[in-house]
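Observations on the model geometry
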Amino acid sequence: MFFKQFYLGCLAHASYLIGDEGTKTAVVVDPQRDIEQYLEEARREGFEIRHVFLTHFHADFIAGHLELRDRVGAKIHLGARADAEYAFIPHPDGDTLEFGQVRLKILETPGHTPEGISIVVYDQVKSKEIPYAVLTGDTLFIGDVGRPDLLASFGVSAEDLAAMLYESLHEKLLPLPDETLVYPAHGAGSMCGKSLSTDLFSTMGTQRRYNYALKPMSKEDFIRLVTAGQPEAPKYFSHDAVLNRKERATLEETLATGLKPLSLDAVLTMKQAGAQLLDVRETADFAGAHLAGSVNIGLGGPYATWAGTLLDRTRPIVLIAEPGREQEAAMRLGRIGFDNVAGYLEGGMEALEQRPDLIRRTDRIAAPTLAEKLASAQPPLVLDVRTENEWQQKRIGESLNIPLNRLAERSGELPRDRPIVVHCGTGYRSSIATSLLEDQGFDNTIDLVGGFNAWEKCCPSNIAGGTG
């Protein structure tokens, strides 16, 4: 048996290719929307991808099941409780798919979603009875379990799903042997759980011993535990969960229509008509010079997650990028179902050489200079755009906390007649925040270079909070 995990760090997403060396048949599980890596791996190993499984309808990314169906004719497989617009093979609990020496057994494991499944993988050359691995989707993570609250807007209560999750874990997954490997669909950084490990796989025995959610407890205690303290989900999650059920254009099709060069005049006209200008360059480059009215979400960070959180998927997006990186920027938006890219500024910032009147710069401040200003008679306001939990743990003195995902709706709380120093942890979110505020007409914002990390090194005596 051939088994390979593919891990996409920016979305903390794991997908899998499983192949039988004899029949040269392969299966892809939970693929990302850009599928070239699976096709290349299959070509390299001599496999034909004939099947694609989704463990559930993912909320945090658009899966590549339709892309694999259209490119190589792969059959789509879902749990028996799934409802989708496209043709698929439904699998009830205990159903199997065999090809050569590989056997896949389907376990219905609802809880994160009602239609969720886990896939038990047998390498029958090694053992016909002991599973080699289990692909748990978002039911069981390394160190955590799937959150049960994402479908509240669809009329399914978190408590009902948490009860299903308890039964799935205790009746389906925990009985698996200790040596069975556990391969989930996400790792640390995913918003599909609250404390995922950085480990990309584990064993059932290890999870039985160390996973907090698998400790012996009543169903009622489990429900209370897994429904409490979940992070706020980005607003695009509900859109993606629906889109994964639908027949839709492939990523290749959307990129073909959206990736076109635009003149500066065309970009300005589109901006006037309501288009969003998305500058995907690094923080320092954006601060040095950018087109007025553009929002900075850099490719070097959790780009897709913040784009999906802050941008409007119903309005056109025009990209401003370093020449040659436009396709990456559009493709990564496509991974989360943002197919509304209308083009990119041809030549990037070089297109503004003759229009200095359209160039804006972001003021920046170093931590030692900020410390001096805070000790002055007229100190600036410090705006912390980290999460409330981060702010509660450690913060700069009397800083005001407005999490980045709430900034647009709460910007009215900010003064326009006083300097505002914006910071996050490292400078990535604060650059986004200052660009958003500039677009709302604030001309008094300053970005703290290096964020709270720089402040902590410079001024540890001026830290408030639970551990400061």
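Residues numbered from 1 in each chain as written. Predicted model: local features only at pLDDT ≥ 70, side-chain atom pairs only at ≥ 80, totals over all residues. Heavy atoms only, no water.

Things to note about the side chain of glutamate 108
For clarity, the cut-off: By definition, any uninterrupted DSSP run of H or I lasting at least four residues is a helix, any uninterrupted run of E lasting at least two residues is a strand, and each is numbered from the N terminus. Any two residues whose heavy atoms approach within 4.5 Å are treated as being in contact.
Turning to its location among the elements, glutamate 108 is positioned in strand β8 (residues 102–108). Not counting chain neighbours up to four residues away, the residues in contact with glutamate 108 comprise Ala80, Arg81, His91, Pro92, Asp93, Gly116, Ile117, Ser168 and Lys172.

Structural notes on the pattern of salt bridges
Quick reminder of the rule: One speaks of a salt bridge when a side-chain nitrogen belonging to Lys or Arg is within 4 Å of a carboxyl oxygen belonging to Asp or Glu. Each residue gets one of three labels from its accessible area relative to the maximum for its type: buried under 20%, exposed over 50%, partly exposed in between, using a 1.4 Å probe on protein chains only.
Taken as a whole, this structure holds 29 salt bridges when the rule is applied. One salt bridge in this structure joins glutamate 21 and lysine 24, with 3.1 Å as the shortest N-O distance. The exposure class of glutamate 21 is partly exposed, given its relative accessible area of 39%. We note a salt bridge from aspartate 93 to lysine 172, for which the minimum N-O separation is 3.2 Å. Of this pair, aspartate 93 sits in the loop between β6 (89–91) and β7 (96–99) while lysine 172 sits in helix α3 (residues 158–173); the two residues are 79 residues apart in sequence, bridging distant segments of the chain. For aspartate 93, a relative accessible area of 36% puts it in the partly exposed group. Residue lysine 172 is classed as partly exposed on the basis of its relative accessible area of 22%.

Digging into a nonpolar patch on the surface
Heads up, the rule is: Like charges are joined within 9 Å and nonpolar side chains (Val, Leu, Ile, Met, Phe, Trp, Tyr) within 5 Å, but only among residues with over 30% relative accessible area and no salt bridge; these make up the patches. All accessible-area figures derive from a Shrake-Rupley calculation using a 1.4 Å probe, and residue coverage is judged against the displayed protein chains alone.
A cluster of nonpolar side chains, contributed by Tyr7, Leu200 and Phe201, occupies part of the molecular surface with about 250 Å² of accessible area. Here phenylalanine 201 is to be found in the loop between β13 (181–184) and β14 (202–203). Since its relative accessible area comes to 44%, phenylalanine 201 is described here as partly exposed.

Overview of unusual backbone geometry
In the Ramachandran plot, alanine 12 falls in the positive-phi region, its phi being about 50 degrees despite a non-glycine side chain. With respect to the element layout, alanine 12 can be found in the loop between β1 (2–8) and β2 (13–19). A positive phi angle, close to 60 degrees, is found at lysine 24, a residue other than glycine. On the secondary structure map, lysine 24 appears in the loop between β2 and β3 (25–29). Residue classification places lysine 24 among the partly exposed positions, given a relative accessible area of 28%.

Notes on the sheet that holds strand β15 (residues 261–262)
Under the convention used in this document: Each pair of strands is called paired provided DSSP finds at least two bridges between the two strands.
Taken together, five strands build an open sheet; the order of strands is β15-β20-β19-β16-β18 and the sheet is parallel. The open sheet has two edge strands, β15 and β18 (294–296), and neither has a second partner. Inspection of the sheet shows strand β16 (residues 276–279) paired to β18 by three bridges, in the parallel sense. Each residue of the ladder has a partner; that of leucine 277, found in β18, is serine 294.

Quick word on the packing of aromatic side chains
Applicable threshold: Two rings belonging to Phe, Tyr or Trp (six-membered ring only in the last case) form a pair when the distance between their centres is within 6.5 Å. Interplanar angles under 30 degrees mark stacking, angles over 60 mark edge-to-face geometry, and anything in between is tilted. Charge over a ring is defined by NZ of Lys or CZ of Arg lying within 6 Å of the ring centre and within 35 degrees of the ring normal.
Under the criterion given, the structure shown has nine aromatic pairs. Between tyrosine 183 and phenylalanine 201, the ring centres sit 5.4 Å apart and the planes meet at 20 degrees, which makes this aromatic pair stacked. Of this pair, tyrosine 183 sits in strand β13 while phenylalanine 201 is found in the loop between β13 and β14, placing the two residues 18 residues apart along the sequence. Counting every residue linked through ring pairs, the aromatic cluster contains Phe3, Tyr16, Tyr132, Tyr183 and Phe201. One Lys or Arg, arginine 103, reaches over the ring of tyrosine 122 and ends 4.0 Å from the middle of that ring. Arginine 395 extends its terminal NZ or CZ atom over the ring of tryptophan 391, reaching a point 4.3 Å from the ring centre.

Side note on the side chain of asparagine 211
For clarity, the threshold we go by: Pairing of N or O atoms within 3.5 Å defines a polar contact, subject to two protein rules: one partner must be a possible hydrogen donor and the other a possible acceptor, and residues neighboring in sequence count only if both atoms are side-chain atoms.
Of note, asparagine 211 is situated in the loop between α4 (204–210) and α5 (219–227). Overall, the relative accessible area of 0% leaves asparagine 211 in the buried class. At 3.0 Å, the side chain of asparagine 211 and the backbone nitrogen of alanine 213 are in polar contact. Excluding residues that lie within four positions of it along the chain, asparagine 211 makes contacts with Leu140, Phe141, Gly143, Asp144 and Thr206.

What to know about the sheet that holds β2
Note the threshold: Every axis in this analysis is a line fitted to C-alpha atoms, fitted for helices over the stretch in contact. Angles between the N-to-C directions lie between 0 and 180 degrees.
Strand order in the open sheet made by the six strands is β1-β2-β3-β4-β5-β6, with mixed pairing throughout. Every other strand in the sheet has two partners, leaving β1 and β6 as the edge strands with one partner each. Going from strand to strand, the sheet's axes swing by 25 degrees on average, the running direction of each strand aside. Strands β1, β2, β3 and β4 (48–53) of the sheet are contacted by helix α1 (residues 36–45), whose axis makes an angle of about 155 degrees with β1. Helix α2 (residues 65–72) contacts β3, β4 and β5 (75–79) of the sheet and is inclined by roughly 155 degrees relative to β4.

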